[in-house]
Amino acid sequence: MRMLTRKKRGKVEEYKELRKQLQSMPSYDMTDPDFRRLRYVRYADDILLGFIGPKAEAQQIKAQLKSYLAEALKLELSEEKTLITHVKTERARFLGYDITRFHDDTRHDKDGRRSINGDISLHIPKEVVHARCQLYMHNGKAIHRAELINHDDYTIISDYQGQYRGYVQYYTLAHNIHDLHKLRWIMLTSLLKTLAAKHKESVNRIAKRYKLKNDISLV
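So, here is what we can say about the structure in this document.

Rules behind the numbers
Residues numbered from 1 in each chain as written. Predicted model: local features only at pLDDT ≥ 70, side-chain atom pairs only at ≥ 80, totals over all residues. Heavy atoms only, no water. Helix = DSSP H or I, 4+ residues; strand = E, 2+ residues; numbered from the N terminus. Buried < 20%, exposed > 50% of the residue type's maximum accessible area, 1.4 Å probe, protein only. Contact = heavy atoms within 4.5 Å. Areas by Shrake-Rupley, 256 points an atom, 1.4 Å probe, with all protein chains shown as cover. Salt bridge = Lys/Arg side-chain N within 4 Å of Asp/Glu carboxyl O. Core = buried A, V, L, I, M, F, W, Y, C linked by side-chain atoms within 4.5 Å. Axes fitted to C-alpha atoms, helices over the stretch in contact; angles between N-to-C directions. Parallel < 35°, antiparallel > 145°, perpendicular 65-115°, else oblique. Nonpolar A, V, L, I, M, F, W, Y, C, P; charged D, E, K, R; others polar.

## What about the overall build of the chain?
Phase 1 of the analysis: Along the backbone of the chain there are seven helices and seven strands.
Phase 2 of the analysis: When each of the 219 residues of the chain is scored for burial, the buried share is 24%.
Phase 3 of the analysis: Considering only intrachain contacts with a sequence separation of at least 6, the fraction spanning at least 24 residues in the chain is 52%.
Phase 4 of the analysis: Taken as a whole, the chain presents about 16200 Å² of accessible surface, with 54% of it coming from carbon and sulfur.

Structure (structure tokens):
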């Protein structure tokens, strides 16, 4: 109220200072000891629970789930995979994504409101990108795929395109999807080396040939 009053009276500097103080405060009461919220999402046998509340209660929920699975469904809860993660400081793994939470008091929408605090952020795990790259590498360098050499060029190119497109489509929700650029470069190099091995030509000659035709692309 004080902030709006300053704005109406034309006290711009005081208004800006009060607004700056407001932006440094949480948009909701994070200290309410009675506030609780529980949400869950399930895909096949993978389940992710989101809980707002004390860690002790999260541990109780886990214990209750373990007991229910064992007694009612005769299933065993995997202690190794069932982790309690603080989403503000750690990342939870679900369906190949790393899940965390945005917090940045400096980013605002067109109306000046903080626009991302509390929003969920999805990331491609670094080890996933690394593992995918290793499929097309040996001793740190991209290599040709000998199993494709006897196929025609169209089939070889389509095989690489399909695999790369699959990676991009699966991780299209990730905020760091640009991390797949490294994978794209390695796969493209591997593709060129595979075609070069098939035709017994240099990689540069293959690259120039297909560049003129605009035939090679992984998107």
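## A few points about the pattern of salt bridges
Phase 1 of the analysis: The final tally for this structure, using the stated rule, is eight salt bridges.
Phase 2 of the analysis: Its salt-bridge partner being glutamate 79, residue lysine 66 comes within 3.1 Å of it at the nearest N-O pair. Of this pair, lysine 66 sits in helix α3 (residues 55-72) while glutamate 79 sits in the loop between α3 and β3 (92-94), and the two are 13 residues apart along the sequence.
Phase 3 of the analysis: Its salt-bridge partner being aspartate 98, residue arginine 93 comes within 2.5 Å of it at the nearest N-O pair.

## Topic: the nonpolar core
Phase 1 of the analysis: Residues Ile124, Tyr136, Tyr160, Leu183, Met187, Leu191 and Leu195 are the most contacted members of the largest nonpolar core, which totals 30 residues.
Phase 2 of the analysis: Where this core is concerned, the elements lending two or more residues are β4 (97-101), α4 (126-134), α5 (153-170), α6 (180-199) and α7 (203-213).
Phase 3 of the analysis: By residue number, the principal contributor to this core is α6, which donates eight residues.
Phase 4 of the analysis: Residue contacts for leucine 183: discarding those within four places in its chain leaves Arg132, Cys133, Tyr136, Tyr164 and Tyr167.

## Considering the packing of α4 against α6
Phase 1 of the analysis: Here α4 crosses α6 at 0°, and the two axes come no closer than 10 Å. The orientation of α4 with respect to α6, classified from their angle, is roughly parallel. Along its contact with α4, which presents Val129, Arg132 and Cys133, the element α6 presents Leu180, Lys182, Leu183 and Ile186.
Phase 2 of the analysis: Considering only residue class, the contact of α4 with α6 consists of five nonpolar, no polar and two charged.

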